[in-house]
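Residue strings, one per chain:
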Amino acid sequence: MSNLQHLLENTNEKVFTAEFPSIDGNGMEKVEKNVARLRPWFDAVNSTDNAAAHAHASNLSVAIAMKMHGLEPIMQISQRDKNRIAVQSDIMGAALHGIENISLMTGDDVTAGDEPEARRVFDIDGPQAIKVANILRNGTYLSGRKINPAPTLFISGVENPGTHPLEYRAERAIKKQEAGARYLQLQLCFHLDRLEKFCIAVAAHGTNLPLLPNIILLKGAKGMVFMNENVRGINIPQDQIDRVGSAEDQAEAAYQLALEHAKFALSLPGVRGLHITDFRHDDSLARFMKDLGRTEK
């Protein structure tokens, strides 16, 4: 059992996860630097799978490197670039190295990245991939071929609580749980009313699905405007952009906004912790975690 699974299923402790930066050049040196920055605060950290349709070092290689340096990985697998055979291979390769936390998602379209001419795969979608991982966990490949012993997996998915159709998002979250997801990391949602309605709707199903809303640390309004205009599925209320943009100290205003969002998210039903995305890469991460009552490991 992974430590993340133990915390979510056997304790009442708040759980904090984060995104590991993409690795291109300067490999292990960059891994070591970011492990040192993240390990004191987070229970597990995502190894992304060519996030936003940009090529980087592979999800499995980064997950292995994180584990080698004492940081528990959550290995993401996107369906954009892989068919069901490759997805199973990724999961079994992770299990070979003792990596148990697996997060399955549909993935951004290739048009989101810098190689839009790449061929899409999307053999299966996120909920179907979760089901595939659960079949592996139960001791067979999708074909029915046996796996002995079966891999130990702690399966998760993602969901966007703030994009349309809003009324379907909670239903989709429950479908992912029924497919085998044991918890969900949520995508960024700046509309707190939408996040609240989503969490209440999921909790109303009575399934006790743990949720980890995403909170992002930004340096100012410029990053908010960029995301609002360029990142699919993210919409930022103009009053929040204006609040940060009109501040004398935009970095501090952005920090305080993130802190308010984090504290509100932690008060919602079904929320067991937070998933942090850090675009500041400065000493504000430690300050943020301390302000949330987190004690350095």
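This text goes with the structure placed above it.
Everything in this summary refers to the structure shown in the same document. It should be emphasised that the depicted structure is a prediction, and the values quoted were computed from it without experimental measurement. (Residues numbered from 1 in each chain as written. Predicted model: local features only at pLDDT ≥ 70, side-chain atom pairs only at ≥ 80, totals over all residues. Heavy atoms only, no water.)

A word on the overall build of the protein. Within the protein one finds 11 helices and 9 strands. Relative to its length of 297 residues, the protein is compact, with a C-alpha radius of gyration of 18 Å against a globular reference of 19 Å. With respect to the principal axes defined by its C-alpha atoms, the protein has extents near 60 × 45 × 45 Å. Restricting to contacts in the protein with at least 6 residues of sequence separation, those with at least 24 account for 75%. If you sum the accessible surface of the protein, you get close to 13600 Å²; carbon and sulfur atoms cover 49% of it. Across the protein, the 33 positively charged side chains and the 37 negatively charged ones have centroids separated by 5 Å. (Helix = DSSP H or I, 4+ residues; strand = E, 2+ residues; numbered from the N terminus. Rg over C-alpha atoms; globule rule 2.2 N^0.38 Å. Contact = heavy atoms within 4.5 Å. Areas by Shrake-Rupley, 256 points an atom, 1.4 Å probe, with all protein chains shown as cover. Lys, Arg positive; Asp, Glu negative; His and termini not counted. Charge placed at Lys NZ, Arg CZ, Asp CG, Glu CD.)

Bringing the packing of aromatic side chains into the picture now. Under the criterion given, the structure shown has 2 aromatic pairs. Ring centres 5.7 Å apart and planes at 85° place the aromatic pair Tyr-255 and Phe-288 in the edge-to-face group. You can see Tyr-255 sitting in helix 10 (residues 250-266) and its partner Phe-288 sitting in helix 11 (residues 284-291), a full 33 residues away along the chain. (Phe/Tyr/Trp six-rings, centres within 6.5 Å; stacked < 30°, edge-to-face > 60°.)

Packed helices, taken two at a time, are described by the angle between their axes plus the distance between the axes. Where helix 9 (residues 238-245) meets helix 10, the closest approach of the two axes is 8 Å, and the angle between their N-to-C directions is 140°. Judged on the interaxial angle alone, helix 10 and helix 9 are oblique. For the pair helix 9 and helix 10, contact is made by Gln-240, Arg-243, Val-244 and Gly-245 and by Gln-250, Ala-253, Ala-254, Gln-256, Leu-257, Glu-260 and His-261, respectively. Of the residues in the contact of helix 9 with helix 10, the class split is 4 nonpolar, 5 polar and 2 charged. (Axes fitted to C-alpha atoms, helices over the stretch in contact; angles between N-to-C directions. Parallel < 35°, antiparallel > 145°, perpendicular 65-115°, else oblique. Nonpolar A, V, L, I, M, F, W, Y, C, P; charged D, E, K, R; others polar.)

Judged by nonpolar contacts, the single largest core of 65 residues is most densely connected at Phe-20, Phe-42, Leu-104, Leu-274, Ile-276 and Phe-288. Considering each element in turn, this core owes the most residues, 6 residues, to helix 10. Contact partners of Phe-20, with chain neighbours within four places excluded, come to Val-31, Asn-34, Val-35, Leu-38, Val-45, Asn-46, Thr-48, Val-62, Met-66 and Leu-71. The next biggest cluster of nonpolar side chains, apart from the first, holds 14 residues, and it includes Leu-218, Met-224, Ile-234 and Val-244. (Core = buried A, V, L, I, M, F, W, Y, C linked by side-chain atoms within 4.5 Å. Buried < 20%, exposed > 50% of the residue type's maximum accessible area, 1.4 Å probe, protein only.)

This part is about helix 8 (residues 221-230). Every α-helix winds through 3.6 residues per turn, so residues three or four apart in the chain are directed the same way. Among all positions in helix 8, only Ala-221, Met-224 and Met-227 are buried. Along the long axis of helix 8, the arc covered by the buried residues comes to 125°, so they all point the same way. For helix 8, exposure combined with an orientation more than 90 degrees from the buried face picks out Lys-222, Phe-226 and Glu-229. Buried positions along helix 8 lie against strand 8 (214-217), helix 9 and helix 10. (Arc of directions from axis to C-beta.)

This part takes up empty space enclosed by the protein. Counted according to the given criterion, the structure contains 3 cavities of 30 Å³ or more. Size it by volume and the largest cavity reaches roughly 170 Å³. Lining the largest cavity are 19 residues; nearest its centre among them are Phe-190, Ile-215, Ile-216, Ala-258 and His-261. Elements that contribute at least two residues to the lining of the largest cavity include exactly helix 7 (192-204), strand 8 and helix 10. The biggest single contributor to the lining of the largest cavity is helix 10, with 4 residues. By residue class, the composition of the lining of the largest cavity is 16 nonpolar, 3 polar and no charged. Here the second largest cavity is characterised by a volume of approximately 60 Å³. (1 Å grid on protein atoms, 1.4 Å probe; cavity = no way out; pocket = protein on both sides within 12 Å on 5 of 7 lines; lining within 4 Å. Points joined across faces, edges and corners; volume = space filled by probe spheres on them.)

Per the stated rule, a full pass over the model turns up 16 salt bridges. In this structure, Arg-294 engages Asp-43 in a salt bridge whose closest nitrogen and oxygen atoms are separated by 2.9 Å. In this pair, Arg-294 is assigned in the segment after helix 11 and Asp-43 in the loop between helix 2 (27-38) and strand 2 (44-47), connecting sequence segments 251 residues apart. On the basis of relative accessibility, which here comes to 15%, the residue Arg-294 falls in the buried class. (Salt bridge = Lys/Arg side-chain N within 4 Å of Asp/Glu carboxyl O.)

Below, the discussion takes up helix 3 (residues 59-68). Among the residues of helix 3, those classed as buried are Asn-59, Leu-60, Val-62, Ala-63, Ala-65 and Met-66. Elements in contact with the buried residues of helix 3: helix 2, strand 2, strand 3 (73-78) and helix 4 (84-96). Directly beyond the C-terminal end of helix 3, a positive phi value near 85° is found at Gly-70.

By the alternation rule, side chains of strand 8 split into Asn-214 and Ile-216 and Ile-215 and Leu-217, which are all buried. In this structure, strand 8 lies alongside strand 9 (residues 273-278), joined through 4 bridges in parallel fashion. The residue bridging Asn-214 from the neighbouring strand is His-275, located in strand 9. (Pairing = 2+ DSSP bridges.)

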